[in-house]
Amino acid sequence: EFTIPDIPDNVSGLDNISIGRMNLDMLIDHVRLPISGNDIVTSANLSLKGEQLDGNIQINSAKIEDLSFVNKFNSKKTKKDENVLTKKLNIILNNILRRYVVNINIDMDEPVVVDVPSYLVLKDIYGEIQGSATLTIANGIPTIIGSFNTSEGKFTLNNSEFSVEV
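Owing to the predicted nature of the structure, the values given are computational and were not obtained by experimental measurement. Within every chain, residues take consecutive numbers counted from 1 along the sequence as written. For a predicted model such as this one, the threshold for reporting local features is a pLDDT of at least 70, and the threshold for listing and counting side-chain atom pairs is 80 or more; totals across whole chains, interfaces and linings nevertheless cover every residue. To get the side-chain values, all heavy atoms of the structure are used, and hydrogens and water are removed first.

Draft legend 1. How the structure looks around the overall build of the protein. A run of DSSP states H or I qualifies as a helix once it reaches four residues; a run of E qualifies as a strand once it reaches two. Both are numbered from the N-terminal end. Per the secondary structure count, the protein includes 2 helices and 8 strands. Starting at the N terminus, the α and β elements of the protein follow one another as β-β-β-α-α-β-β-β-β-β. Type-normalised accessible area, obtained with a 1.4 Å probe on protein chains alone, sets the label of each residue: buried when under 20%, exposed when over 50%, and partly exposed for intermediate values. Per-residue burial for the protein yields a buried fraction of 25% across its 166 residues. When contacts within the protein are restricted to residue pairs at least 6 apart in sequence, long-range pairs at least 24 apart make up 50% of them. Every accessible area reported is derived by Shrake-Rupley at a probe size of 1.4 Å, with residue values counting cover from the shown protein chains alone. Counting every atom, the protein has about 11400 Å² of accessible surface; 57% of that belongs to carbon and sulfur. Should any heavy atoms of two residues lie within 4.5 Å, those residues are considered in contact.

What follows is the structure, given as structure tokens:
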């Protein structure tokens with residue numbers, strides 16, 4: 001069940017677009033997500049009821065060999081970089097995120113293997129990460145609470161090798 005929102009004729013009216021209440025259940029099983037050359041296999045059981053998204057995401061397996069996707073989160077765009085459509089889409093997405101409440105548990109079947117040749121000034125980044133977390137978004141503010149352990153962690157900086165055990 002899904003209600004398609006009314007799209008206003010005036011572009012400035014898009015700022016206040018509202019998606020109707022939805023009832024949607026999604027079950028995915030061992031779906032491969034190729035993200036920036038990394039290999040991630042995940043399963044999920046998610047339920048969207050009204051304005052509440054609940055569920056579980058299971059990381060079945062993952063190998064991270066490229067951290068270039070991190071740059072996308074950290075990049076600062078200037079006002080000149082954004083066109084009118086991009087600005088409108090960001091406003092709509094932010095309005096939607098403020099409206100919905102998200103509560104998703106994230107677990108790992110097996111450790112996520114990180115094996116990155118280099119990133120910024122670090123070289124030979126390796127480690128295995130195991131853990132779980134809960135992602136909550138309320139009023140557009142994300143919160144992640146959980147615990148993660150790193151084993152066999154190491155990296156090289158200025159020809160010196162460092163170990164990471166958390």
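Draft legend 2. Local environment of the side chain of Asn60. Locating Asn60 in the fold gives a position in strand β3 (residues 52-64). Polar contacts here mean pairs of N or O atoms no more than 3.5 Å apart (in protein, one a potential hydrogen donor and the other a potential acceptor; neighbouring residues in sequence count only if both atoms are side-chain atoms). A distance of 2.8 Å separates polar atoms of two side chains, one belonging to Asn60 and the other to Asp109.

Draft legend 3. The environment of Ser118, seen in detail. The topology assignment puts Ser118 in strand β5 (residues 112-119). Judged by its relative accessible area of 40%, Ser118 is partly exposed. Distance from Ser118 to Asp66, taken between C-alpha atoms, is 8.4 Å for residues 52 residues apart in sequence.

Draft legend 4. Main features of a nonpolar patch on the surface. Judged by side-chain polarity, Val31, Leu33 and Ile35 come together as a nonpolar surface patch covering roughly 200 Å² of accessible area. Among the secondary structure elements, Leu33 is positioned in strand β1 (residues 22-35). Only residues above 30% relative accessible area that lack a salt bridge enter a patch, with like-charged residues linked at up to 9 Å and the nonpolar side chains Val, Leu, Ile, Met, Phe, Trp and Tyr linked at up to 5 Å. By convention in these notes, a salt bridge is any Lys or Arg side-chain nitrogen within 4 Å of a carboxyl oxygen on Asp or Glu.

Draft legend 5. Inspection of the layout of surface pockets at higher detail. Within this model, the largest pocket holds a volume of roughly 500 Å³. For each structure, a 1 Å grid was placed over the protein atoms alone; sets of points admitting a 1.4 Å probe that cannot get out are labelled cavities, open sets with protein on both sides within 12 Å along at least five of seven lines are labelled pockets, and lining residues have an atom within 4 Å of a point. Lining the largest pocket are 14 residues, with Ile40, Ile59, Ile64, Phe69 and Val112 positioned closest to its centre. At the level of secondary structure, the elements contributing two or more residues to the lining of the largest pocket comprise β1, β2 (38-50), β3, α1 (68-74) and β5. With 4 residues, the top contributor of residues to the lining of the largest pocket is β3. Of the residues belonging to the lining of the largest pocket, the class tally is 13 nonpolar, 1 polar and no charged. Around the second largest pocket sit Ile106, Met108, Ala133, Leu135, Pro142, Ile144 and Phe148, which together line it. Grouping the constituent residues of the lining of the second largest pocket by class yields 7 nonpolar, no polar and no charged. Grid points are joined across faces, edges and corners, and a volume is the space filled by probe spheres set on the points. Only Asp, Glu, Lys and Arg are considered charged, only Ala, Val, Leu, Ile, Met, Phe, Trp, Tyr, Cys and Pro nonpolar, and every remaining residue, Gly among them, polar.

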